[in-house]
Amino acid sequence: MGRTELVILITAAMIAALLAGWGLRWLFGRFNRTESTTPEAVDHLALRMQTAEQAAAHAEEARTETERAYLSQLRQAEAERDSAMEGLGTARRELAEWKRAYEALAAEKGQDG
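Reading the values: the criteria
- Residues numbered from 1 in each chain as written.
- Predicted model: local features only at pLDDT ≥ 70, side-chain atom pairs only at ≥ 80, totals over all residues.
- Heavy atoms only, no water.
- Helix = DSSP H or I, 4+ residues; strand = E, 2+ residues; numbered from the N terminus.
- Rg over C-alpha atoms; globule rule 2.2 N^0.38 Å.
- Buried < 20%, exposed > 50% of the residue type's maximum accessible area, 1.4 Å probe, protein only.
- Lys, Arg positive; Asp, Glu negative; His and termini not counted.
- Charge placed at Lys NZ, Arg CZ, Asp CG, Glu CD.
- Patch = residues over 30% accessible without salt bridge, like charges linked within 9 Å, V, L, I, M, F, W, Y side chains within 5 Å.
- Areas by Shrake-Rupley, 256 points an atom, 1.4 Å probe, with all protein chains shown as cover.
- Salt bridge = Lys/Arg side-chain N within 4 Å of Asp/Glu carboxyl O.

> Honestly, the overall build of the chain in this entry has me stumped. Any pointers?
For the chain, the count of helices and strands is two helices and zero strands. A compact globule built from 113 residues should have a C-alpha radius of gyration of about 13 Å, whereas the chain, at 43 Å, is more than 25% larger. Oriented by its inertia axes, the alpha-carbon framework of the chain measures out at about 140 × 50 × 20 Å. Going through the 113 residues of the chain one by one, you find that 2% of them count as buried. Side-chain charges in the chain split into 14 positive and 18 negative, and the spacing between the mean points of these groups amounts to 9 Å.

Encoded structure:
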């Protein structure tokens, strides 16, 4: 391969690379259209971002408040459950005492009779 052929080949490769790059850039721009970066567009984006951040902060506050309310309800329900279990235990002990007293009376009457 002579010098002339090599220069022609390199030149053709560079022109092909240039055309391929230009074509790919055009396709990329076509598929990924961006909004213009005018000051109005930037201001609009900043306003939308600020609104989104405020909404996120409000949602976080609401979630925290809801969680606090549910935890309070849970503690109250647990306290009621513990109270009911304690009352049930007391009732069972009293029932056992009554049962022993009844069986003792029944045994006495059985011996007397």
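Let's pick the thread back up.
> Which parts of the structure should I look at to understand a nonpolar patch on the surface?
Where nonpolar side chains cluster on the molecular surface, the patch consists of M1, L6, L9, I10 and M14 and spans about 560 Å² of accessible area. Its place among the elements puts I10 in helix 1 (residues 3–31). Judged by its relative accessible area of 43%, I10 is partly exposed.

> Just checking my understanding: could you explain the pattern of salt bridges for this structure?
Two side chains that carry opposite charge are able to pair once their charged atoms sit near each other. Applying the stated rule across the entire model yields four salt bridges. For the salt bridge of E60 with R63, the shortest nitrogen-to-oxygen distance reads 2.6 Å. One end of the pair is E60 and the other is R63, both in helix 2 (residues 39–112) and three residues apart, which spans about a single turn. Of the residues examined, E60 reaches a relative accessible area of 40% and is grouped as partly exposed.

> Looking at this model, I keep getting lost on the environment of E80. Mind explaining?
Its location among the elements puts E80 in helix 2. Residue E80 is classed as partly exposed on the basis of its relative accessible area of 48%. Through-space distance from the C-alpha of E80 to that of A106 is 38 Å; in sequence the pair is 26 residues apart.

> What exactly am I supposed to notice about the environment of R30 here?
Relative to the helices and strands, R30 is located in helix 1. Along the backbone, R30 and L95 are 65 residues apart, and their C-alpha atoms lie at a distance of 85 Å.

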